[in-house]
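Structural overview
Below, each chain spelled out in residue letters.
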Amino acid sequence: MASQHNASLHSSQGGESPATRVAAFVAPPFSTPHVVAEIAKRHPDSTALVAPCGTLSYVELDAQASRVAAWLTSRGVGRESLVGVCLERSFDQLVVVLGAWKAGAAYLPLDPSWPDGRLQTIVEEAACALVVGRDDTVARVPNSPTPIVTLDWQAPELANAEPLATTPNEPDALAYVI
């Protein structure tokens, strides 16, 4: 288990990153969602994520995570909730994790490559408020008492979600469960 305020801020390119510059004026205790939001305000076009598929700026990351937070909140996720995240390593995975934190929740990483039975058991035992996955995740965890929702950026409830401001978290709020 880890606390949200124990974020480590480093530049992968040797220089001072926007996160490091922001850490100088964001007073501890702080949370990752607050730092990302602050960087998005002060350095909106700075690159937050890089992958073979492209890049995502801090302002794009923050806006997408705020929409996910609103979507999750509309589904009952809030402070002290646990959100299962069954997504491959991708921008989507990171956006959903940040969105869960913005909604005040912690996340449970679920690897989509795990066998169906393992996913089913973990989802049942973890008592998640819900699990976010792809289209096939619902079929892989049949008859689950936990709602399994599909991340679909074009779905009206997510595409039209009003961005949610970051929910203030306690410094020792749970960030994730493994």
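Up top is the structure these notes are about.
Residues numbered from 1 in each chain as written. Predicted model: local features only at pLDDT ≥ 70, side-chain atom pairs only at ≥ 80, totals over all residues. Heavy atoms only, no water.

Let's talk about the pattern of salt bridges
Using the following cut-off: A carboxyl oxygen of Asp or Glu within 4 Å of a side-chain nitrogen of Lys or Arg is what we treat as a salt bridge. For helices the rule is a DSSP run of H or I covering at least 4 residues; for strands it is a run of E covering at least 2, with both sets numbered from the N terminus onward. Working definition: with a 1.4 Å probe on protein chains only, accessible area under 20% of the residue-type maximum means buried, over 50% means exposed, and in between means partly exposed.
Taken as a whole and assessed by the stated rule, the structure comprises seven salt bridges. Ionic pairing is found between Glu38 and Arg42, a salt bridge with its closest N-O pair at 2.5 Å. Taken together, the residues span about one helical turn, with Glu38 and Arg42 both in helix H2 (residues 32-42) at a distance of four residues. Judged by relative accessible area, which is 17%, Glu38 ranks as buried. The class for Arg42 is partly exposed, based on a relative accessible area of 46%. Two residues, Asp92 and Arg134, come together in a salt bridge whose shortest N-O distance is 3.0 Å. Linking Asp92 in helix H4 (residues 91-102) with Arg134 in the loop between strand S6 (130-133) and helix H6 (135-140), this pair joins segments that are 42 residues apart in sequence. Classification of Asp92 by relative accessible area gives buried; the value is 16%. Here Arg134 falls in the partly exposed class, since its relative accessible area comes to 24%. Linked by salt bridges that have partners in common, Glu38, Lys41 and Arg42 make up one network.

Some remarks on the side chain of Ser144
Condition: For this analysis, a polar contact is any N or O atom pair within 3.5 Å, provided that within protein one partner can donate a hydrogen and the other can accept it, and provided that sequence-adjacent residues contribute only side-chain to side-chain pairs. Contact definition: two residues touch when any of their heavy atoms are within 4.5 Å.
Among the structural elements, Ser144 can be located in the loop between H6 and strand S7 (148-150). Given a relative accessible area of 19%, Ser144 falls into the buried group. Looking at Ser144, its side chain comes within polar contact range of the main-chain nitrogen of Thr146, at 3.0 Å. Non-local contacts of Ser144, meaning those with residues more than four positions away in its chain, are made with Gln120 and Val123.

A word on the packing of helix H3 (residues 58-74) against H4
The following threshold applies: In this analysis, axes come from line fits to C-alpha atoms, helices being fitted only over the stretch in contact, and the angle between any two N-to-C directions falls in the range 0 to 180 degrees. The labels follow the angle: roughly parallel below 35 degrees, roughly antiparallel above 145, roughly perpendicular from 65 to 115, and oblique for the rest. Take the far helix as the reference: if the near one is turned anticlockwise from it by less than a right angle, the crossing is left-handed, and if turned clockwise, right-handed. In the scheme used here, Gly and all other residues not listed as nonpolar or charged are polar, with Ala, Val, Leu, Ile, Met, Phe, Trp, Tyr, Cys and Pro taken as nonpolar and Asp, Glu, Lys and Arg as charged.
Relative to each other, H3 and H4 sit at 60°, their axes nearing to 7 Å. Our classification of the angle between H3 and H4 gives oblique. In the packing of H3 onto H4, the handedness of the crossing is right-handed. Every residue of H4 that contacts H3 at Leu61, Asp62, Gln64, Ala65, Ser66, Val68, Ala69 and Leu72 is listed here: Val95, Val96, Leu98, Gly99, Ala100 and Lys102. Grouping the amino acids of the contact of H3 with H4 by side-chain chemistry returns nine nonpolar, three polar and two charged.

Points about the nonpolar core
So the rule is basically this: Put simply, a nonpolar core is a bunch of buried Ala, Val, Leu, Ile, Met, Phe, Trp, Tyr and Cys residues held in one set by side-chain atoms that sit within 4.5 Å of each other.
In terms of nonpolar packing, the biggest core is built from 35 residues, with Val68, Trp71, Leu72, Val83, Val132 and Leu151 touching the most fellow members. Of all elements in the fold, only H2, H3, strand S4 (82-86), H4 and S6 reach the threshold of two or more residues within this core. Dropping the residues within four chain positions of it, Val68 is found in contact with Val95, Val96, Gly99, Trp153 and Leu158. In terms of nonpolar packing, the next biggest core, distinct from the first, is built from 12 residues, Leu82, Ala106, Leu110 and Cys128 among them.

Keep in mind these numbers describe shape, not what the thing actually does.
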